[in-house]
Structures are given as structure tokens and as C-alpha cells.
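Residues per chain are reported as follows:
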Amino acid sequence: MAVIHRTTLKPTKLELLTSWLPSRPWYRGGAGEPTLTKAGGFRLDDPQGEVGIEFMVVTDSSGPQPVAYLVPLTYRGAPLDGAEHAVVGTMEHGVLGQRWAYDGCHDPVLVARLTALIEGRAQAQDQNVSDTPAREVVAAYTGEGSLPGDFTATDDQEGTALTTPQGTTLRLHRALRAAPDSRFLPPQGAVGHVSGSWETPEGTRAAGVFAVLYGAGRA
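Caption draft 1: Fine view of the overall build of the chain. If you tally the helices and strands in the chain, you get two helices and 12 strands. Going from the N terminus to the C terminus, the chain shows its helices and strands as β-α-β-β-β-β-β-α-β-β-β-β-β-β. With the C-alpha coordinates aligned to their principal axes, the bounding extent of the chain is approximately 45 × 40 × 35 Å. Taken across its 219 residues, the chain has 48% of its residues classed as buried. Counting contacts in the chain only where the partners sit at least 6 residues apart, residues at least 24 apart contribute 57% of the total. Accessible area for the chain stands at about 10,900 Å²; split by element, carbon and sulfur atoms hold 48% of it. Separation between the mean location of the 18 positive side-chain charges and that of the 24 negative ones in the chain comes to 3 Å.

As C-alpha cells, this is what we get:
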């Protein structure tokens, strides 16, 4: 299990995201700098113990209406070859030293653990407490067989699509929408999904879908 260190980060994750988020095609804010707060999320464990995996939810309150964003991140002790385009920034960790933060959709370790979560082979972990399951994260899979592992990430205005040559698509919702009454109904053609909750600026809990898996030709 990953160990959550109580230490300092310079710059902080929110400081890195303040600069990075406006560069994304799915960012809904204006030309000004976002005003970010941490609203929730969860972690996944890397079986090799080398890569930190976190799915952050942050709320941007700079616009007329607050927007919650899902930001999957990986943290590495050395640069990931071929992923220069996915670097969010570097941080100095008080225990682990220099860390490279990546948009996790472009990191094969995060993608592999996300598919393991959907298939039921991995357990979502609490974002802030070591060795504690994240009970509000729900994953489901109704497809047959193991999922492929050769996903390619593409960002668009709706979010991030992870696609395979076989036609399987895992779509991550980046700008989150709260489900009515916290009840998520998978869209037609979906064979799996991950849903979770986050805190609103008013201090209440909202719940919605984080990712939806489609079979070949259905996305």
C-alpha cells in the first residue's frame, strides 16, 4: 500500500494546476487565472511501489459558477520517457525529493491501474490516509474478458478519450457533473464505469461519474 507522507510540497499541487489547467481544451474557465480548492478524489496503488497515482477533484471558483474538475496525476522520481507533453510540473517533496507530476491519462501505470479498478482487480484508496479504502468510489464492469492495455490518450473539449486499436474507449469526464439525487445511470453502450463524490463550495457532497468504458464501436 502507498504511504501518505505528511510533509511539504514546493510548489503545491494546486499551484501547479493553477498554471496547467487553463492550457487544457476541456477547461471551462475564462482568460483569468483559476481559483482552485481541493474537493476530493482517491488514490490507486502501483504494485511496484514506484509511481504515485492520484485522482484529484479540484473546484475552480473564478467564474460565474464553480466547476469541479477531475485531474488524474502520477508522481515519479525521474522523468517518464516520451511523456514530455504530459508534464504538469515538478515539485520538491519534503521526504522523497524532486518529483515529476504528469497528466496521468498519458502515464501507462495509471491507465493500467484504472482498468484494474474497473475490472475489480484493484481497490480505490483514501486520498489522505494510508491503507484505507475509498468507500465512496464505485467501479463496475459488465464486459467479457480482460481489457486491452494499449490505450492512447486524446484530449478534446468534452474530456479525455483513452482508445485502443480494438475499438475499446475509456472516456474520462474532466469537467464533472453532479448526478441528480446522486444516482448515476450508465449511458447506452457502456460496459463499465467509475463514479465517486466530491465536496461542493457550499460544503455539501456531490456525486457523479468519473469515467465510462465503452465496447468496440460504441463510444
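Caption draft 2: Broad picture of the pattern of salt bridges. A full pass over the atoms with the stated rule returns eight salt bridges. As a salt-bridge pair, Arg43 and Glu54 come within 3.7 Å of each other at their nearest N and O atoms. Taken together, the residues span a long stretch of sequence, with Arg43 in strand β2 (residues 36-44) and Glu54 in strand β3 (residues 52-60) at a distance of 11 residues. Judged by relative accessible area, which is 15%, Arg43 ranks as buried.

Caption draft 3: Main features of the nonpolar core. Among the nonpolar cores identified, the biggest contains 33 residues, and Phe42, Leu170 and Val194 are the most heavily contacted of them. Only β2, β3, β4 (67-76), α2 (108-119), β10 (169-173), β11 (190-199) and β12 (205-214) provide two or more residues apiece to this core. In terms of residue count, α2 provides more of this core than any other element does, six residues in total. Once residues lying within four places of it in the same chain are set aside, the contact partners of Val194 are Phe42, Leu114, Leu117, Ile118, Val137, Val138, Ala139, Val209, Phe210 and Ala211. Judged by nonpolar contacts, the second largest core, of 17 residues, contains Leu16, Val58, Val88 and Met91.

Caption draft 4: Structural view of the pairing of strand β6 (residues 97-103). Among the seven residues in β6, six count as buried, and that is most of the element. In the sheet, β4 pairs with β6 via four bridges, with the strands oriented antiparallel. Each bridged residue has a counterpart across the sheet, and for Tyr75 the counterpart in β6 is Ala101. Note that strand β5 (residues 87-93) and β6 share six bridges and pair antiparallel. In the sheet register, Gly89 faces β6, and the bridge partner there is Ala101.

Caption draft 5: Looking closely at α2. Its 12 residues give α2 an end-to-end C-alpha distance of 16 Å, which sits within 8% of 16 Å, the value for a rise of 1.5 Å per residue. Among the 12 residues that make up α2, nine are buried, leaving the element largely enclosed by the rest of the structure. Along α2, the positions that sit buried rather than exposed are Leu110, Val111, Arg113, Leu114, Thr115, Ala116, Leu117, Ile118 and Glu119. One side-chain oxygen of the residue at the start of α2 lies 3.0 Å from the amide nitrogen of Val109, identifying that residue as Asp107. Positive backbone phi, at 90°, marks Gly120, one or two positions downstream of α2.

Reading the values: rules and limits
- Residues numbered from 1 in each chain as written.
- Predicted model: local features only at pLDDT ≥ 70, side-chain atom pairs only at ≥ 80, totals over all residues.
- Heavy atoms only, no water.
- Helix = DSSP H or I, 4+ residues; strand = E, 2+ residues; numbered from the N terminus.
- Buried < 20%, exposed > 50% of the residue type's maximum accessible area, 1.4 Å probe, protein only.
- Contact = heavy atoms within 4.5 Å.
- Areas by Shrake-Rupley, 256 points an atom, 1.4 Å probe, with all protein chains shown as cover.
- Lys, Arg positive; Asp, Glu negative; His and termini not counted.
- Charge placed at Lys NZ, Arg CZ, Asp CG, Glu CD.
- Salt bridge = Lys/Arg side-chain N within 4 Å of Asp/Glu carboxyl O.
- Core = buried A, V, L, I, M, F, W, Y, C linked by side-chain atoms within 4.5 Å.
- Pairing = 2+ DSSP bridges.
- Expected span 1.5 Å × (residues − 1).
- Polar contact = N/O pair within 3.5 Å; in protein donor to acceptor, adjacent residues only side chain to side chain.

Distances and angles like these do not, on their own, reveal function.
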